[in-house]
Amino acid sequence: MLKISGLKVKLEEEDKQILKGVDLEVGAGQVHAIMGPNGSGKSTLSYVLSGRDGYEVTEGSAELEGVDLLDMEPEERAAAGLFLAFQYPVEIPGVGNMTFLRTAYNAQRKARGEEEASAAEFLKIVREKAKDLKIDAEMLKRPVNVGFSGGEKKRNEILQMAVLEPKMCILDETDSGLDVDAMKLVSDGVNALRNEGRSFLVITHYQRLLDHITPDVVHIMANGRIVKSGGPELALEVEKNGYADLMDEVQ
Amino acid sequence: MALAQAKSDATEARLSGMQIPEGGAGWARAARQDALDRLTGMGLPQRRDEYWRFTNPAEFLKPETPRAEIALDAPGFDDTDVLRVVFTDGVFDAEASDALSQEGLEIERFADAVTKHIHWIKGLLGVLETAGQDRVDRPFATFNTAFAEDGVVLRATGKVSKPVHVEYRRSDDTAEAVLRHMVRVEDGAELTLLESGVGASRLNTGLEVDIADRGVFHHVRMQGRDHERRAATHVFARLGEESTFKSFTLSLNGMMTRNEVIITLKGDDAVAHVAGAALGDGRDFHHDDTVFITHDAVNCESRQVFKKVLRNGATGVFQGKILVQPDAQKTDGYQISQSLLLDEDANFLAKPELEIYADDVQCSHGSTSGAIDETALFYLKSRGIPEDKAQDLLVLAFVAEALAEIEDEDLAETLRTQLAGWLERRR
Ligand SMILES: Nc1ncnc2c1ncn2[C@@H]1O[C@H](COP(=O)(O)OP(=O)(O)O)[C@@H](O)[C@H]1O
Ligand SMILES: [Mg+2]
């Protein structure tokens, strides 16, 4: 599904190398987790994959189902099936959440040559998915993420994911700032979307999310590289011993 | 004081061959003559005048009316049930208008009202305009008092159910129109006035609104989409006790637009809101909002909310003043003017002013100018929304605060649709 090879990325504005050769392959239907200390480049990887400005790819490639991602505009990547749940969802005053969702949904359908949904049809789709995530109608009417609590913002990201039905979902610290109940809602939401055609890359700082969303593979990222990969037990190891031990071992 | 030579030359050139309208009752002739005298005394504006530094008055000074292409699809208020009053090339168009009759309302042509020896506008024509010259000359308003021949005269005596819609039309590409509308809202009465259409190659409108105690007046105006519009407009309002005045203008394109609003809160507990959104594309676009609000009574509220979206060398100007007189305690004054610059070529010039002589006053003002929020733009694009569409959403969001000032949701929706259309067409 997603194939990243030798990806090196620096900041566009300064001479700072952030990703120093990332290799990663996520198969269809798989869930991979990336863990790693703050500042190791996890968010940068997610931004580069989704096409944010400010980064320069100096080497390597990233493909979604064999198609070069790095050449596409962000909206084209989305239409091709890529989705990033932001670590810090953006507040957009004045744009209603529902308008935002419907515009995105229809833009993607249009880009893929599919029929756009009417307001009524779309409302039905959203209501159903919102209910599962305990997102009430009031939250749909409000401007995008404005005045939302941390947990509400994260649930709103998962709602967008559920509505847009991407193939490749990247979740950047979706668990941070969530209490136990919200964590349960979010992971139930993710698990409900798991199927053989859809893959996940779950970036997390903590092991606890992986109790709910069991990964197939766990990668440890440090200093712009993936330094170790293994099964779910790797996450437990990190939880127990911290990153320091692991780093020593890698060195 | 003698006028500077350049100013008196320009004034003379502009007024040469112009005469105040013939006929009319004695009081009307006197008011017009008085205006003409005042006008020659103050002179037409020059770039160096304090309130013309950001806006070049040259287009309004040319003795010859400039030729302007006639725009085909001027937006109107097609979905609203209105009493339609049409002016074609600046003259009342009976054929295109509805019958001038409506419950709770006296309505007639200005051209008729000025011929009557006894008429309530006798006590109002030029009165608010003259008072509005107290601190700053507003020569094009005085010009309007002197030369306007037609317009609509409205006196609301009850809650008027249908809005009066003044629609400007053009058939002549060098039409010059000078129109004067007079409004009196009686104690407890309510009236909504709508304006739209292309008007003229060069349009000068004046609106004097006198609102008695507890009266309510709403004004919603659409200017556009004529690209070569040159318009100088003035709205003068005087508010009685517990009265309400709300005015909103949406301006799309146009070449040179100067909208002045001059409001005096005369009765206690009155409320005045004035807002506008202007969207312009291109180096030949210049839009100027100049507002002057005087608090002259206790416990009044005033609000100014102005938004401008500019690209491609377009220029936006905001000059807004709140003046609080010594006795106007418990004044609540708010002013915000913001511009969204869609590229580096666009210009926004703002001059906010507060002048406060009372001590128990709450006044705030702010002016900002900024580019589109790149983080928000990326967020929208990352969800599959193409760049131009994402930008449109952010533009609509930006002007939403101004549109929220329109009380009637259906009218607001009409304007939102016009805006969306403008964005779709890219101008
Ligand atoms: N736009 C940026 N400007 C400056 N530094 C950046 C920028 N983006 C990332 N960095 C730096 O790159 C490194 C990796 O950051 P990030 O990808 O956010 O790490 P993580 O998500 O693993 O915590 C950090 O040192 C961070 O300060
Ligand atoms: Mg991060």
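Residues numbered from 1 in each chain as written. Chains lettered and ligands numbered in written order. Predicted model: local features only at pLDDT ≥ 70, side-chain atom pairs only at ≥ 80, totals over all residues. Heavy atoms only, no water.

Chain B goes by Fe-S cluster assembly protein SufD in an unreviewed UniProt entry, where it is assigned to Limimaricola soesokkakensis.

In the nomenclature of an unreviewed UniProt entry, chain A corresponds to Fe-S cluster assembly ATP-binding protein from the organism Limimaricola soesokkakensis.

## Observations concerning the overall build of chain A
For clarity, the cut-off: For helices the rule is a DSSP run of H or I covering at least 4 residues; for strands it is a run of E covering at least 2, with both sets numbered from the N terminus onward. Computation of the radius of gyration draws on C-alpha atoms alone. For the globule rule, the value is 2.2 Å times the number of residues to the power 0.38. Per-residue accessibility, obtained with a 1.4 Å probe over protein chains only, is compared with the maximum for each type, and a residue is labelled buried under 20%, exposed over 50%, and partly exposed between these values.
Along its length, chain A carries nine helices and twelve strands. Expected size for 251 residues packed as a compact globule is a radius of gyration near 18 Å; at 18 Å, chain A falls within 12% of this value. For chain A, the spread of C-alpha atoms along the three principal axes comes to 55 × 40 × 35 Å. Relative to its 251 residues, chain A shows a buried fraction of 53%.

## Some remarks on the coordination of the magnesium ion (ligand 2)
All names here are of chain A. The criterion, for reference: For Na, K and Ca the donor cut-off is 3.2 Å, while for other metals it is 2.8 Å, and in both cases only N, O and S atoms qualify; water is not among them, so sites may look incomplete.
Protein coordination of the magnesium ion (ligand 2) is provided by S43 (OG) and Q87 (OE1), with donor distances spanning 2.1 to 2.3 Å. Linking S43 in helix α1 (residues 42–50) with Q87 in the loop between β6 (82–85) and β7 (92–96), this pair joins segments that are 44 residues apart in sequence. Residue class for Q87 comes out buried when judged on its relative accessible area of 13%.

## Digging into the packing of aromatic side chains
Formally: Paired rings are identified among Phe, Tyr and Trp, the last through its six-membered ring, by centres lying within 6.5 Å, and are further divided according to the angle between planes into stacked (under 30 degrees), edge-to-face (over 60) and tilted (the rest).
The final tally for this structure, using the stated rule, is 13 aromatic pairs over all chains. Taking the centre distance of 4.9 Å and the plane angle of 80 degrees together, the rings of F86(A) and Y379(B) count as edge-to-face. In this pair, F86(A) is assigned in the loop between β6 and β7 and Y379(B) in helix α7 (residues 374–381), connecting two distinct chains. By the burial criterion, F86(A) is buried, and Y379(B) matches it. Their ring planes at 25 degrees and their centres at 5.9 Å tell us that F217(B) and F245(B) sit as a pair that is stacked. Of the two residues, F217(B) sits in strand β9 (residues 216–223) while F245(B) sits in strand β11 (residues 244–252), which places them 28 residues apart along the sequence. There is no split in this pair, since F217(B) and F245(B) are both buried.

## Focus: the sheet that holds strand β11 (residues 217–222) of chain A
Residue and element names in this part refer to chain A. Convention followed: In this description, strands pair whenever DSSP reports at least two bridges between them. Every axis in this analysis is a line fitted to C-alpha atoms, fitted for helices over the stretch in contact. Angles between the N-to-C directions lie between 0 and 180 degrees. Here a residue-residue contact requires only that any non-hydrogen atoms of the pair lie within 4.5 Å.
Judged by pairing direction, the sheet is mixed, and its six strands sit side by side in the order β6-β9-β10-β3-β11-β12 without closing on themselves. The open sheet has two edge strands with one neighbour each: β6 and β12 (225–230). Across this sheet, the average inter-strand angle for adjacent strands is 20 degrees, counted without regard to direction. The pairing of β6 with strand β9 (residues 168–172) spans four bridges and is parallel. Its bridge partner being in β9, L82 is matched across the sheet by M168. In the packing of helix α6 (residues 150–164) onto the sheet, the strands contacted are β6, β9 and β10 (199–203), and the crossing angle to β6 comes to about 165 degrees.

## Points about the sheet that holds strand β2 (residues 91–92) of chain B
All names here are of chain B. One open sheet accounts for ten strands, arranged β2-β1-β5-β7-β9-β11-β13-β15-β17-β19; its pairing is mixed. Two strands close off the open sheet at either side, each with one partner strand: β2 and β19 (361–370). Two elements, β11 and strand β13 (residues 271–281), share nine bridges in a ladder whose sense is parallel. Looking at β13, one finds that F245 is bridged to A272. Running at roughly 160 degrees to strand β15 (residues 301–311), helix α8 (residues 387–403) makes contact with β11, β13, β15 and β17 (331–341) of the sheet. Along the sheet face, helix α9 (residues 409–425) touches β7 (190–197), β9, β11, β13 and β15 and points at about 20 degrees away from the line of β11.

## A few points about the site of ligand 1
Residues and elements named next belong to chain A. As a reminder, the rule being used: Only heavy atoms are used to decide nearness, and a residue is near a molecule or strand if one of them lies within 4 Å of it. Between N or O atoms, a polar contact is any pair within 3.5 Å; within protein, one atom must be a potential hydrogen donor and the other a potential acceptor, and residues adjacent in sequence are included only when both atoms are from side chains. In these tables, accessible area is a Shrake-Rupley quantity obtained with a 1.4 Å probe, and a residue counts as shielded only by the protein chains included in the view. Ten residues, namely Ala, Val, Leu, Ile, Met, Phe, Trp, Tyr, Cys and Pro, are considered nonpolar, four, namely Asp, Glu, Lys and Arg, are considered charged, and the remaining ones, Gly among them, are considered polar.
In the vicinity of ligand 1, the contacting residues are L11, K16, I18, P37, N38, G39, S40, G41, K42, S43, T44 and Y55. In the model, an oxygen atom of ligand 1 is placed 3.2 Å from a nitrogen or oxygen of the S40 main chain. Here an oxygen atom of ligand 1 and a backbone polar atom of S43 are 2.8 Å apart. Within the complex, 64% of the 550 Å² of free accessible area of ligand 1 lies under protein. If you tally residues by element for the shell around ligand 1, the top one is α1, at three residues. When its residues are assigned to classes, the shell around ligand 1 shows four nonpolar, six polar and two charged.

## Some points on the confidence of the model for chain A
As a reminder, the rule being used: Known as pLDDT, the predictor's confidence for each residue is given on a scale from 0 to 100.
The predicted model of chain A has a mean per-residue pLDDT of 92, with 99% of residues at 70 or higher. Within chain A, the element-level pLDDT minimum falls on helix α9 (residues 233–250) of chain A, averaging 79, and the maximum on β6(A), averaging 97.

## Brief notes about the interface of chain A and chain B
How big an interface is tends to be stated in terms of accessible area lost as the parts join. Stated precisely, the cut-off is as follows: The term buried area refers to how much accessible surface (probe radius 1.4 Å) is lost by two components on association, counted for both of them together. Here a salt bridge means any side-chain nitrogen of Lys or Arg lying within 4 Å of a carboxyl oxygen belonging to Asp or Glu.
Between chain A and chain B, the contact holds 29 residues from the first and 16 residues from the second. Carbon and sulfur atoms supply 72% of the area buried between chain A and chain B, which totals about 1,800 Å² over both sides. For the interface between chain A and chain B, the tally reads one salt bridge. Ionic pairing is found between R383(B) and E157(A), a salt bridge with its closest N-O pair at 2.7 Å. Across the contact surface, chain A and chain B share nine residue pairs in polar contact (both at pLDDT 80 or more). Secondary-structure elements contributing two or more residues to the side of chain A that touches chain B are α1, α2 (74–79), β6, β7, α3 (97–111) and α6 of chain A. For the side of chain A that touches chain B, the element with the most residues is α3(A), which contributes six residues. Within the side of chain A that touches chain B, the residues separate by chemical class into 17 nonpolar, eight polar and four charged.

## Some points on the environment of Q304(B)
Mapped onto the elements, Q304(B) comes out in strand β15. Here Q335(B) takes part through its side chain, which lies 3.2 Å from a polar atom of the side chain of Q304(B).

## Examining the layout of surface pockets
Inclusion rule: Grid points spaced at 1 Å and placed over the protein atoms alone form the basis of the search, with a cavity being a set where a 1.4 Å probe fits but cannot get out and a pocket an open set showing protein on both sides within 12 Å along at least five of seven lines. Lining residues have an atom within 4 Å of a point. Grid points are joined across faces, edges and corners, and a volume is the space filled by probe spheres set on the points.
Estimated volume of the largest pocket: approximately 1,100 Å³. T99(A), T103(A), K389(B), L393(B) and L396(B) are the residues nearest the centre of the largest pocket, which is lined by 36 residues in total. Mapped onto the lining of the largest pocket, the elements with two or more residues apiece are β7, α3, α4 (119–132) and α5 (137–141) of chain A together with α8 and α9 of chain B. Taken together, the residues of the lining of the largest pocket break down into 17 nonpolar, seven polar and twelve charged. Approximately 370 Å³ is the volume attributed to the second largest pocket. Along its surface, the second largest pocket is lined by 20 residues, and G51(A), R52(A), D53(A), G54(A) and P74(A) are the ones closest to its centre.

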